[in-house]
Amino acid sequence: MASSTPAPDHRDAISAFARMGYASRGVVYVLVGGLAALTAIDQGGQAEGSRGALEAVLGAPFGKVMLGIIAMGLLGYAMWRCIQAFKDPDRHGTSAKGLVIRAGLFVSAVTHTLLAFFAASLVFRFLSSGSSGGSSGGSEGMATWLMQQPFGRWLVAAVGIAIIGAGIAHAVKGYKAKFDKHFTMPSRTQAWAYPICRFGLVVRGLVFVIVGSLFMIAAYQFDPNEAGGTAEAFNTLRRQAFGQWLFGFVAIGLLAFGCYSVLTAIYRHVDPSL
């Protein structure tokens, strides 16, 4: 007797990978924020950004398995970001604002693809040598590669603008709780979850603006070493007046963003229609 349940199709797979990706991003940012918070209160944590957080996972029980799952999830997230950038299921449109947001989504796809390959490389490096080695590449590697291309300085500047645009969009999305239109969340859960989501998005937007500015400085000085990611943003904050307080504030914000990502994996409406 034939079952009435429809067979899974590519949309189910895309939805599953997208949710796994949001969850993996959440794990990474919970680790980034948690390690940074420990550093802020001098409890032995090391604020080394996303790559440092992944290296910390490797030292945990079943770390290699966890890293492999995170790598797969990040690849799924990158795939979903590409769909968001090119197919525009969230209807950002083709206005200047919409195109900047979609460009930021594509940059996010690239950076999370690199992060996924970095996670996978840690596993293979550990299996082959018994050591995780040191992290390399990252934002500086991307800036270096872009600088070597035709119009390289302008490409780096364009990446910086896209990241800044995405940061502003994140901050506005958090401040105005625009994520609400994509969520199907019980009102009882919203009461405690929405403040966390809003705070996390605003702080991650701030970090994006700093990272994008570092890319702009790298383009202006024609020096890829000036580019940086979350770890360099942390260092920039610590050099400011009241830097330790700013650092701690951002650490808690990124921890909140990690919680937002996990909630997104559970409650976000994912439209995988192609």
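What you see is a predicted model, and the numbers here were worked out from it, not measured in a lab.

The subject of this paragraph is the layout of surface pockets. Volume-wise, the second largest pocket comes out at about 630 Å³. Listed by contribution, the elements that provide at least two residues to the lining of the second largest pocket are α1 (10-40), α3 (63-86), α4 (96-129), α6 (152-175), α7 (187-221) and α9 (243-267). Across the lining of the second largest pocket, the residue classes break down as 13 nonpolar, 10 polar and 10 charged.

On the surface, a cluster of positive charge is made up of K97, K176, K178 and K181. Its location among the elements puts K178 in the loop between α6 and α7.

What follows concerns the nonpolar core. Grouped together as the largest cluster of nonpolar side chains are 57 residues, with contacts concentrated most on L54, L67, F179 and F215. Among the elements that take part in this core, α7 stands out by supplying 12 residues, more than any other. Residue contacts for L54: discarding those within four places in its chain leaves V28, L67, I70, L115, F118, A119 and L122. By size, the runner-up hydrophobic cluster in this structure holds 8 residues, among which are I14, Y22, Y77 and W80.

Remark: α7 packs on α9, axes separated minimally by 7 Å, with the N-to-C direction vectors making an angle of 125 degrees. Put simply, α7 runs oblique to α9. The interaxial crossing formed by α7 with α9 has left-handed handedness. Between α7, through T189, W192, A193, I196, C197, F199, G200, L201, V203, R204, L206 and V207, and α9, the contact on the second element is made entirely by F249, V250, I252, G253, L254, A256, F257, C259, Y260, L263 and Y267. When the residues that make up the contact of α7 with α9 are grouped by side-chain class, the tally is 19 nonpolar, 3 polar and 1 charged.

For the structure on display, the rule yields 2 salt bridges. The partner of R102 in a salt bridge is D88, and the shortest N-O contact between them spans 3.8 Å. Of this pair, R102 sits in helix α4 while D88 sits in the loop between α3 and α4; the two residues are 14 residues apart in sequence, bridging distant segments of the chain. A salt bridge links R268 to D90; the shortest N-O distance between them is 3.1 Å. One end of the pair, R268, is in the segment after α9; the other, D90, is in the loop between α3 and α4, with 178 residues separating them in the sequence. For the pair R268 and D90, a shared accessibility class is recorded, and that class is buried.

About the thresholds
- Residues numbered from 1 in each chain as written.
- Predicted model: local features only at pLDDT ≥ 70, side-chain atom pairs only at ≥ 80, totals over all residues.
- Heavy atoms only, no water.
- 1 Å grid on protein atoms, 1.4 Å probe; cavity = no way out; pocket = protein on both sides within 12 Å on 5 of 7 lines; lining within 4 Å.
- Points joined across faces, edges and corners; volume = space filled by probe spheres on them.
- Helix = DSSP H or I, 4+ residues; strand = E, 2+ residues; numbered from the N terminus.
- Nonpolar A, V, L, I, M, F, W, Y, C, P; charged D, E, K, R; others polar.
- Patch = residues over 30% accessible without salt bridge, like charges linked within 9 Å, V, L, I, M, F, W, Y side chains within 5 Å.
- Areas by Shrake-Rupley, 256 points an atom, 1.4 Å probe, with all protein chains shown as cover.
- Salt bridge = Lys/Arg side-chain N within 4 Å of Asp/Glu carboxyl O.
- Lys, Arg positive; Asp, Glu negative; His and termini not counted.
- Charge placed at Lys NZ, Arg CZ, Asp CG, Glu CD.
- Core = buried A, V, L, I, M, F, W, Y, C linked by side-chain atoms within 4.5 Å.
- Buried < 20%, exposed > 50% of the residue type's maximum accessible area, 1.4 Å probe, protein only.
- Contact = heavy atoms within 4.5 Å.
- Axes fitted to C-alpha atoms, helices over the stretch in contact; angles between N-to-C directions.
- Parallel < 35°, antiparallel > 145°, perpendicular 65-115°, else oblique.
- Left-handed = near helix turned anticlockwise from the far one by under 90°.

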